[in-house]
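# What the coordinates show
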Amino acid sequence: MRELRTQVAIIGAGPAGLLLGQMLQRDGIESIVLERRGREYVEKRVRAGVIEYGIANLLEEAGAGERMRREGLEHHGVELRFNNVSHRIALSELSEGKTITVYGQQEVVKDLIDLRLAAGAPLQFDSEVTAIEGLQSQRASVVVNGVEGEFRVTCDFVAGCDGSFGVANTAIPKSLLRRHERTYPFSWLGILAEAAPATDELIYCRHENGFALYSLRSPTLSRLYLGVRPDETLEQWSDGRIWDELNTRLATEEMPEISQGPIIERSITAMRSVVVEPMRFGRLFLAGDAAHIVPPTGAKGMNLALADVRVLFQALRAQLTEGDSQLIDSYSATCLERVWRAEEFSNYMTQMLHPSYEDDFENGVQMARLRQAVTSKEASTVLARNYVDLNSA
Ligand code: RFL
Ligand code: PHB
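The model shown is predicted, which means the values in this text are computed figures rather than measured ones.

Residues in close proximity to ligand 2 total 14 residues, the closest being Tyr204, Ser215, Arg217, Tyr225 and Pro296. Here an oxygen atom of ligand 2 sits 3.5 Å away from a polar atom, N or O, in the main chain of Arg47. Measuring from an oxygen atom of ligand 2, one finds a side-chain N or O atom of Arg217 at 2.8 Å. Protein chains shield 96% of the accessible area of ligand 2, which is 280 Å² for the free molecule.

Pairing is mixed in the open sheet, where four strands are placed in the order E1-E12-E11-E10. Edge strands, defined here as strands with exactly one partner in the open sheet, are strand E1 (2–5) and strand E10 (128–133). Between one strand and the next, the sheet's axes are offset by a mean angle of 25°, whatever the strand orientation. In this structure, strand E11 (residues 140–146) lies alongside strand E12 (residues 149–155), joined through seven bridges in antiparallel fashion. What sits directly across from Ser141, in E12, is Thr154.

Entries for the chain in the domain assignment read domain 1 (2–75 + 99–181 + 272–349) and domain 2 (185–271 + 355–392). A C-alpha centroid distance of 28 Å is found between domain 1 and domain 2. Taken together, the contact pairs 32 residues of domain 1 with 25 residues of domain 2. It is Val46, His75 and Tyr348 in domain 1 that bury the most area against domain 2; as a group they hold 21% of the surface buried on that side. Between the two partners, domain 1 and domain 2, sit zero salt bridges. Where domain 1 packs against domain 2, one counts 12 residue pairs in polar contact (both at pLDDT 80 or more).

What follows concerns the site of ligand 1. Neighbouring ligand 1 are 35 residues; Glu35, Arg47, Gln105, Asp289 and Met302 lie closest to it. Within the side chain of Glu35, an N or O atom sits 2.6 Å from an oxygen atom of ligand 1. In the environment of ligand 1, an oxygen atom lies 3.4 Å from a nitrogen or oxygen atom belonging to the backbone of Val50. Summarising the interface, the protein chains cover 92% of the accessible area of ligand 1, which totals 1000 Å² for the free molecule. When grouped by side-chain class, the residues that make up the shell around ligand 1 number 15 nonpolar, 11 polar and nine charged.

Turning our attention to helix H7 (residues 301–322). Over its 22 residues, H7 runs 32 Å from end to end, which matches the ideal 32 Å to within 8%, given 1.5 Å per residue. Of all 22 residues in H7, 16 are buried; the element is thus mostly enclosed. Of the residues trailing H7, Gly323 is marked for its positive phi of about 70°.

Turning to the environment of Leu19, a few remarks are in order. Turning to its location among the elements, Leu19 is positioned in helix H1 (residues 15–26). With relative accessibility at 0%, the residue Leu19 sits in the buried group. Along the chain, Leu19 and Phe313 lie 294 residues apart, while their C-alpha atoms are 9.3 Å from each other. The contact partners of Leu19, leaving out residues within four places of it in the chain, are Leu58, Leu59, Ala62, Leu112, Leu306 and Val309.

Moving on, we come to the packing of helix H8 (residues 326–353) against helix H9 (residues 360–375). The N-to-C vectors of H8 and H9 enclose an angle of 115°; their axes lie 8 Å apart at closest approach. Regarding H8 and H9, the two cross each other, and that crossing is left-handed. Residues Tyr348, Gln351, Met352 and Leu353 of H8 touch H9, and the partners they reach there are Glu362, Gln366, Arg369, Leu370 and Ala373. When its residues are assigned to classes, the contact of H8 with H9 shows five nonpolar, two polar and two charged.

Take the nonpolar core next. Counting residues in hydrophobic clusters, the biggest one holds 107 residues, and the most contacted among them are Leu19, Leu20, Ile51, Val142, Val158, Tyr204 and Tyr387. Looking at which element gives the most residues to this core, the answer is H7, with 11 residues. Residue-level mapping places this core at the junction of two domains, with at least three residues from each of domain 1 (2–75 + 99–181 + 272–349) and domain 2 (185–271 + 355–392). Aside from chain neighbours lying at most four places away, what touches Val142 is Ala9, Ile11, Leu34, Val129, Ala131, Ile132, Phe151, Arg152, Val153 and Val158. With 18 residues, the next largest nonpolar core counts Cys205, Val228, Trp243 and Ile263 among its residues.

Basis of the calculations
Residues numbered from 1 in each chain as written. Chains lettered and ligands numbered in written order. Predicted model: local features only at pLDDT ≥ 70, side-chain atom pairs only at ≥ 80, totals over all residues. Heavy atoms only, no water. Near = heavy atom within 4 Å. Polar contact = N/O pair within 3.5 Å; in protein donor to acceptor, adjacent residues only side chain to side chain. Areas by Shrake-Rupley, 256 points an atom, 1.4 Å probe, with all protein chains shown as cover. Pairing = 2+ DSSP bridges. Helix = DSSP H or I, 4+ residues; strand = E, 2+ residues; numbered from the N terminus. Axes fitted to C-alpha atoms, helices over the stretch in contact; angles between N-to-C directions. Domains from an automatic or database assignment. Contact = heavy atoms within 4.5 Å. Buried area = accessible area lost by both parts, 1.4 Å probe. Salt bridge = Lys/Arg side-chain N within 4 Å of Asp/Glu carboxyl O. Nonpolar A, V, L, I, M, F, W, Y, C, P; charged D, E, K, R; others polar. Expected span 1.5 Å × (residues − 1). Buried < 20%, exposed > 50% of the residue type's maximum accessible area, 1.4 Å probe, protein only. Left-handed = near helix turned anticlockwise from the far one by under 90°. Core = buried A, V, L, I, M, F, W, Y, C linked by side-chain atoms within 4.5 Å.

Set out below in structure tokens:
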């Protein structure tokens with residue numbers, strides 16, 4: 001079998017794997033990024049849109065923020081909408097001037113791919129990692145099924161940045177791995193539409209029919225979501241039904257209609273919370289969705305993934321350049337503390353905004369939480385700070 005040698009084998013060319021590759025490359029540490037899908041697929045995958053304050057700075061410091069700063073939309077607030085009335089959470093005022101940047105995940109991914117290819121650093125698409133070996137020996141290796149057949153990469157460390165359906169976390173012995181999981185009784189139907197957004201800021205909406213979110217990508221592209229039952233399919237949702245339901249849920253006196261346009265992308269995503277521990281086993285480190293999933297209501301998934309990478313990069317650098325193992329040894333514990341904070345916030349946002357179709361006690365509690373979030377300065381400050389910059393260093 002063909003064999004390559006590198007310092008860090010990175011599984012997955014999502015935001016986590018690509019940012020790690022970028023940071024290592026800038027510091028002269030060798031790595032290879034292995035991605036099972038094709039380039040076009042990864043660059044077109046529509047997902048997250050909100051980048052936290054500190055994470056936008058991290059991308060910039062890593063040399064990957066130029067287009068994000070130019071084309072991303074800087075927002076100073078979000079709206080919470082319920083009973084068809086909107087309440088603004090003044091994110092910046094409540095967080096010493098911090099802002100969020102609305103910039104699509106696939107744009108972050110495109111920027112990082114361009115940088116890696118321009119630097120001539122190894123990045124192989126259509127290359128699936130099928131086995132991870134030697135994690136407790138002198139040298140680890142991964143077996144890859146690539147376009148030209150199978151090959152092996154031997155390395156000092158493996159970064160498992162392979163998302164929620166990857167292989168990395170299955171390389172941790174079952175006796176050591178703990179998995180904490182919660183599934184929610186709803187999914188999100190997301191659309192991307194060629195329509196000028198009828199809002200300047202994101203709107204998180206609770207309506208008795210279900211959740212709705214009004215987001216955007218540019219002055220001409222709207223990104224909208226509807227909370228739907230978990231067994232619903234795209235076939236059940238015609239364009240007309242989607243727009244009618246968005247209008248019903250999002251309507252206020254000031255904004256009775258939202259702007260419509262051709263729907264160019266649509267998908268349904270199940271909502272779940274997952275944490276696996278530990279995030280390290282021998283020479284393997286997990287980062288991003290490979291280690292944890294949050295429901296998207298808090299806009300935390302990509303931010304958490306990139307924040308893991310900040311910690312992992314520093315730990316690998318200390319080990320590989322100075323032989324200092326302190327940071328790799330504390331990697332899992334350091335990350336998990338922040339991961340659980342993000343899990344808590346995502347769970348709080350999710351449960352406050354998705355009405356129950358069965359449990360009216362739950363609905364009463366949700367309304368009380370929402371009223372508190374918009375009337376109590378303390379509650380809105382906590383919400384704003386968590387929303388804008390939970391993953392700060
Ligand atoms: P990714 O992006 O899933 O990338 C993992 C990559 O690994 C590849 N892979 C393999 N490659 C080689 N060999 C194997 N054996 C492999 N197995 C897998 C996969 O093909 C893939 O390319 O994980 P990463 O890098 O950890 O990034 C995580 C984020 O993608 C995710 O957390 C966010 O998209 C979540 N999320 C949001 N996060 C935010 O911070 N803000 C948001 O506003 C936000 N909105 C969202 C979201 C996720 C959503 N969906 C669709 C789940 C909205 C939605 C609707
Ligand atoms: C998005 O713009 O896709 C988006 C925004 C906020 C979220 C989730 C997704 O909480």
